[in-house]
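Here are the chains, one letter per residue:
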Amino acid sequence: MGTIRVKLVRSPIDYPKDQKATLRALKLTKMNRERELPDNPAVRGMIRKVAHLVKIVEVKE
C-alpha cells in the first residue's frame, strides 16, 4: 500500500469533540499542516470522518 498526504484546511472550532480527537490522532493540529499517512482502512475511516475539514493533497502509489 502507498501513502496519503492530508492537509487540514478548515478549523475544527465548533465541531464535536470526537472530530477534534480524530484530527489529533492524525496529527493535524494546526491549520495548513500536512501529514503523510499510510493508506490503510483505519486511516481512510478517520479521513472520512473529518472529510469536511481536510483535503487529500496527493496520493502516492
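Predicted, not measured: the structure shown is a model, and the values here were computed from it.

1. Here we look at the pairing of strand β1 (residues 3–8)
If a strand is regular, its side chains alternate between the two faces of the sheet.
So, point 1. Burial along β1 is one-sided: the face carrying Ile4, Val6 and Leu8 is buried and the face carrying Thr3, Arg5 and Lys7 is not.
So, point 2. As defined by bridge partners, β1 adjoins strand β2 (residues 34–38) across 5 bridges and the pair is classed as antiparallel. What sits directly across from Arg5, in β2, is Glu36.

2. Overview of the pattern of salt bridges
So, point 1. On inspection of all chains with the given rule, the structure shows 4 salt bridges.
So, point 2. For Asp18, the salt bridge goes to Lys49, with nearest N and O atoms at 3.0 Å. Here the residue Asp18 occupies a position in helix α1 (residues 17–25), and Lys49 occupies one in helix α2 (residues 41–49), the gap between them amounting to 31 residues.
So, point 3. Given a relative accessible area of 37%, Asp18 falls into the partly exposed group.
So, point 4. A relative accessible area of 38% means that Lys49 is categorised as partly exposed.
So, point 5. Three or more residues joined by partner-sharing salt bridges are found here, namely Arg5, Glu34 and Glu36.

3. So, the environment of His52
So, point 1. Within the fold, His52 resides in the loop between α2 and β3 (54–60).
So, point 2. Given a relative accessible area of 34%, His52 falls into the partly exposed group.
So, point 3. Along the backbone, His52 and Tyr15 are 37 residues apart, and their C-alpha atoms lie at a distance of 11 Å.
So, point 4. Those residues in contact with His52 that lie beyond four places of it in its chain are Arg10, Tyr15 and Gln19.
So, point 5. A distance of 3.1 Å separates the side chain of His52 from the side chain of Gln19, its partner in a polar contact.

4. Describing unusual backbone geometry
So, point 1. Of note, the phi angle at Lys27 is positive, near 65°, even though the residue is not glycine.
So, point 2. Note on placement: Lys27 falls in the loop between α1 and β2.
So, point 3. Residue Lys27 is classed as exposed on the basis of its relative accessible area of 53%.

What counts as what
Residues numbered from 1 in each chain as written. Predicted model: local features only at pLDDT ≥ 70, side-chain atom pairs only at ≥ 80, totals over all residues. Heavy atoms only, no water. Buried < 20%, exposed > 50% of the residue type's maximum accessible area, 1.4 Å probe, protein only. Helix = DSSP H or I, 4+ residues; strand = E, 2+ residues; numbered from the N terminus. Pairing = 2+ DSSP bridges. Salt bridge = Lys/Arg side-chain N within 4 Å of Asp/Glu carboxyl O. Contact = heavy atoms within 4.5 Å. Polar contact = N/O pair within 3.5 Å; in protein donor to acceptor, adjacent residues only side chain to side chain.

On their own, these measurements won't tell you what the molecule is for.
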